[in-house]
Every structure is written in C-alpha cells, then in structure tokens.
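# Descriptive analysis of the structure
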Amino acid sequence: MTAPAEARPLLAGRAAVVVAYTAAMCMSGLDSTIVNPALYTIAGDFGRPVEAANAVETAFLVGLAAGLPVAGWLGDRYGVKRVFLGALAAFTLASALCAAAPGLGALAAARAVQGVAGGLLTPVGMTLLFRAFAPHERAGLGKVLIVPTALMPALGPPLGGFLTEHLSWHWLFLVNVPIGAAAVAVGLVGLRAGEEPPAGRFDTTGFLLATPGLGLLTYALGFGPAQGWSSPEVLVSGVTGTVLLVAVVRHQLRSAEPLVDLRLLADRTFGAAARLALLTSAGLMGALFVLPLLYQVALGASALDAGLSVFPEAVGLMAASQAVDRLLPRLGPRRLAVPALLLAAAVLTALALTEDPWAVRALMFAVGLVLGTAVLTLQIAGFADVPPPATGRAMALFTIVRTLGGALGIATTAALVALLADGDNPTPYRIALLATALPIAAAVLPATRLPKALAPPPPED
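Parameters and conventions
- Residues numbered from 1 in each chain as written.
- Predicted model: local features only at pLDDT ≥ 70, side-chain atom pairs only at ≥ 80, totals over all residues.
- Heavy atoms only, no water.
- Helix = DSSP H or I, 4+ residues; strand = E, 2+ residues; numbered from the N terminus.
- Buried < 20%, exposed > 50% of the residue type's maximum accessible area, 1.4 Å probe, protein only.
- Contact = heavy atoms within 4.5 Å.
- Areas by Shrake-Rupley, 256 points an atom, 1.4 Å probe, with all protein chains shown as cover.
- Phe/Tyr/Trp six-rings, centres within 6.5 Å; stacked < 30°, edge-to-face > 60°.
- Core = buried A, V, L, I, M, F, W, Y, C linked by side-chain atoms within 4.5 Å.
- pLDDT = per-residue confidence, 0-100.
- Axes fitted to C-alpha atoms, helices over the stretch in contact; angles between N-to-C directions.
- Parallel < 35°, antiparallel > 145°, perpendicular 65-115°, else oblique.
- Left-handed = near helix turned anticlockwise from the far one by under 90°.
- Nonpolar A, V, L, I, M, F, W, Y, C, P; charged D, E, K, R; others polar.
- Polar contact = N/O pair within 3.5 Å; in protein donor to acceptor, adjacent residues only side chain to side chain.
- Expected span 1.5 Å × (residues − 1).
- Patch = residues over 30% accessible without salt bridge, like charges linked within 9 Å, V, L, I, M, F, W, Y side chains within 5 Å.
- Salt bridge = Lys/Arg side-chain N within 4 Å of Asp/Glu carboxyl O.

## Describing the overall build of the chain
In terms of regular secondary structure, the chain is built from 20 helices and zero strands. Within the chain, the proportion of its 461 residues that are buried is 58%. Of the contacts formed within the chain by residues at least 6 apart in sequence, a portion of 83% connects residues at least 24 apart. For the chain, the computed accessible surface area is about 17,600 Å², with 69% contributed by carbon and sulfur atoms.

Pasting the structure below:
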C-alpha cells in the first residue's frame, strides 16, 4: 500500500526523525524532574526559602501548559519541521539562560520560556515521529517512545542530584545546550518538510480562553500546597483557570474549527488512551516527586542518594520497552495494559510500606517495568484510528491531558505532605506515596476500552 502523502517526504529521513525526536524529547522529559533534588541548593544559593524555589518548577509547568493549546495549529499552519526546530532552538537558548540566571526570578522566567518551548516541542515532535511510521509499524517504536516519556523523568532525579553535588546546579541546564544544538543541526540537514493538512482559521477565542485557563490552573496546582489553597493568589488563579477551561470546553465543542479538537475524545480508543494518560501521569509524576523528598527530608539522605532512590525504575522502563515490542502484537493492547496497571498499583502500595533500601530499589524496578508497559501500550494503541491529518491536534490534546495529569499528581502529593507534615516524621510522605497508587488503579476501567488487538498491516498493492 502506498504511504500517505504527508509521510512520503519523511520516509527518506526516518533516522533523522528518530534522532532529532529522541534528543529533543529527552531534554524536555529530563527537565520535568531533574531540578527537584536541587531545589534546596538553588534556594540556598539565592538566599531564599525552599518554598520560594518551587517557583522554578511551577514556572516550567505553567509555560508548558500555555504552549500546548497552539501546538497543533502551528504545526498545521507552518509545518511540523519548522515548528519543531524553532521550539527546539528556543528550548536550547532558554536552557543557557537558566544556567546564567543571576537570581531566582530570572531563573523562573527562563524556566517559563523553556516550558512554552517544551509545550510546542512535545506534541509536534510526536506528530513528526508518528507521520514517519504507519500505525502497524508503531509497536516497534517502544524503544524510542520509552526514552523521553518515561525513562528521562526517572533519570532526572539521580542525574540532578549527581550534578548538584559534584558540579553545580547550573549544569542541570548546561547539559541541554550541546545536545540541543546537535539536534537542531541534525534536523536542519535530515528532516524534510511534508505536506500539511489545511490549518484553517486560527481560533482566537479558544486561544484566549485555553492559554490563560491552563496556565492559571497549573499555577494554582503548583503553588497551592506551599502557599495554602485559600491564599488569594492560589484561590483566584484556581477559580479563574477552572472557569476559563469550562468556557473553552463549551466553545471548542461548538466551534467549526476548534483550536483543541475535543471531539477526538469521542473516539473509543483515543478517548480511553487520553483518560489513561491523565491517570497514569498523575500516579507516575506524583511518585517521582514524593519519593526523593521522603529520602531527603524525612530520612536525611543527600541529594544524590535521593535521586538514586528512583534510578532502578529507569532500568525497569528499558525492560518495558522490550516487553511491549514483543508482547503487544501477541496479546493486544487491552490484555497487556489491564494486568500491567493492576500490578503497578500493587507495587506502588508495597513501595509506600517498605523501609529496606534494597526492597525499595527492587520495587522501583518493578514500577518501571509494569507501569512503563502500560504507558507505552496506551501511547501506541491510542493513535491507531486517528487519521493522519488529525495527528497534530490529537497529539496536542493528548499532551495537554498528560501534562495536567502530572501537575495534578504532584499537587496532590505535595498537598498531602503539607497537610500531614510532622517534623521529620516520614509517615506523611509514605501516605502521599500510597496515594499515587489510586489513579493507577482507577486507570484499569478505561483500559478495558482499549482494543483487544492491534490493527493488522494494510495489504500490499
């Protein structure tokens, strides 16, 4: 069968697509967690309280939320290659600005720019990748997808702790500069512009509602645990963001050319995958946030030791990519995802109740293996029925849902710790870690709506 027109120009550059995508997404995925172990050091260097340093991470998440709604339209309007490389260059430059920041405010501002670039980079990069590979070829992409979406967030804490202890926190951002520059060079030489679907009229109303709505809600989720949910800034941001998002949902469902096509959620498989992304991201990012804090704050571990507490998950994720590559074509998405989610919920529960360091490492490996299997399965299966012209906006919507899930997971665990805090007592941290098993268990229901089998490859002409 002849490949879709929009994929033809990219087929000759498949290797360049994979290399540029992997490098770019690794930077974005790593930056979502690499700063966590260094927040205490950053706050101390700038003479600010630890609570103030949370602005560094919240600024990144707010920027990410602000960039996501327009990613699909920009890709259709200007081409995925141009938007991808532009966002990649902006992310790389913002990383250099983060490293050179003279104060906490400048660092937070540069992180916000990083977030906006990352918000564009993630959905456009996945669109680039999925357009280069037909649906029946995507099961083999597990080894590529697992690296930025799950492996890099898991490697972030140990790498961040190592760099902070042995070099300085500035290197958390400097490492992006050569990687980003090389990826831009590869993209300029190897990527080819493909035929894009009509972008349509820009949905100005949707943009004016969705961008501040997502940004304000993410701001409230990020600062609520530290400042208190009843503080004026958090309360106004949360309420306003929620109202704007309710308005944007109503507008998007009525608009002939919506900025974010919520109608895609009506597709049985894609809708189930989006709900799964929300829940699994909440569980995974919540666990990656609270476990290093449990070790560092409650148990007195160093930044490096705290980061290393989650490292075995990265090894489990690599094993998951191999498992999905072999088992997904045989078992199908539903029979692979459902037991993997049940096992992941059980493992997170056991992890919250475990004190032995080696048992924790073994359980973190298991988290990576089973949860990584579920995450990869839903990513590959969720887009099987999405037509190529809708891939860009579907990726943007999927990434918005996944990002909000991660923000909710972090906010929930942080709120539990703040609510139950009792000096150096580790119990609040263990309760927060235990809570991360709940969204994973809840994900079993939408997982039953995944297809039983992958779509067969099209017949040869």
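Here the narrative resumes, following the displayed structure.
## Things to note about the packing of aromatic side chains
Scanning all chains against the criterion turns up two aromatic pairs. Here the aromatic rings of Trp-169 and Phe-173 are separated by 6.3 Å at their centres, their planes lie at 85 degrees, and the arrangement is edge-to-face. Overall, the relative accessible area of 0% leaves Phe-173 in the buried class. Centre to centre, the rings of Phe-270 and Phe-398 are 6.4 Å apart; their planes meet at 50 degrees, and the pair counts as tilted. Of the two residues, Phe-270 is situated in helix 12 (residues 268–298) and Phe-398 in helix 17 (residues 391–420); the sequence distance between them amounts to 128 residues. Judged by its relative accessible area of 1%, Phe-270 falls in the buried class.

## Focus on the nonpolar core
Of all hydrophobic cores here, the largest spans 103 residues; its most connected members are Phe-84 and Leu-341. In terms of residue count, helix 12 provides more of this core than any other element does, 16 residues in total.

## Notes on the confidence of the model for the chain
On average, residues of the chain score 76 in pLDDT, and 80% of them reach the 70 mark or higher. Summarising per-element confidence for the chain, the mean pLDDT is lowest in helix 1 (residues 8–11) (39) and highest in helix 19 (residues 437–442) (91). Confidence drops under pLDDT 50 across residues 1–12; counting only partners more than four residues distant or on other chains, this segment forms 26 contacts.

## Notes on the packing of helix 2 (residues 14–31) against helix 5 (residues 80–99)
Two elements in contact, helix 2 and helix 5, have axes whose closest approach is 11 Å; the angle formed by their N-to-C orientations is 45 degrees. Between helix 2 and helix 5, the angle falls in the class oblique. In the packing of helix 2 onto helix 5, the handedness of the crossing is left-handed. When helix 2 is examined against helix 5, the residues Ala-20, Tyr-21, Ala-24, Met-25, Met-27, Ser-28 and Asp-31 are found in contact with a partner set consisting of Phe-84, Leu-88, Phe-91 and Thr-92. Grouping the constituent residues of the contact of helix 2 with helix 5 by class yields eight nonpolar, two polar and one charged.

## Here we look at the side chain of Thr-92
Mapped onto the secondary structure, Thr-92 falls in helix 5. Given a relative accessible area of 9%, Thr-92 falls into the buried group. There is a polar contact of 2.8 Å between the side chain of Thr-92 and the backbone oxygen of Leu-88. Thr-92 has contacts with Met-27, Asn-176, Val-177, Gly-180 and Ala-181, leaving out every residue within four places of it along the chain.

## Structural notes on helix 11 (residues 232–254)
Compared with the 33 Å implied by 1.5 Å per residue over 23 residues, the 33 Å span of helix 11 between its first and last C-alpha is a close match. Along helix 11, the positions that sit buried rather than exposed are Val-234, Ser-237, Gly-238, Gly-241, Leu-244, Leu-245, Val-248 and Gln-252.

## Description of a nonpolar patch on the surface
Taken together, the side chains of Leu-308, Phe-311, Val-315 and Phe-365 define a hydrophobic patch exposed on the protein surface, amounting to about 310 Å² of accessible area. Among the structural elements, Leu-308 can be located in helix 13 (residues 303–308). The exposure class of Leu-308 is partly exposed, given its relative accessible area of 38%.

## A few points about the side chain of Ser-95
When you line up the elements, Ser-95 lands in helix 5. With residues near it in sequence (within four places) discarded, Ser-95 still touches Gln-114, Phe-173 and Asn-176.

## A few points about the packing of helix 14 (residues 311–331) against helix 15 (residues 333–352)
It is the contact of helix 14 with helix 15, at a shortest axis distance of 6 Å, that shows an interaxial angle of 120 degrees. Comparing the axis directions of helix 14 and helix 15 gives the class oblique. Residues Val-324, Leu-327, Leu-328, Arg-330 and Leu-331 of helix 14 lie in contact with helix 15, whose contacting residues are Pro-333, Arg-335 and Leu-336. Looking at the contact of helix 14 with helix 15 residue by residue, the class counts come to six nonpolar, no polar and two charged.

## Digging into the environment of Gly-316
By the secondary structure assignment, Gly-316 is in helix 14. Since its relative accessible area comes to 0%, Gly-316 is described here as buried. Sequence separation of Gly-316 and Leu-371 is 55 residues, and the distance between their C-alpha atoms is 9.1 Å. Ignoring sequence-local partners within four residues, the contact set of Gly-316 consists of Phe-365, Gly-368 and Leu-369.

## Regarding the environment of Pro-102
Locating Pro-102 in the fold gives a position in the loop between helix 5 and helix 6 (104–132). Between the C-alpha atoms of Pro-102 and Phe-46, which are 56 residues apart in sequence, the distance is 8.5 Å.

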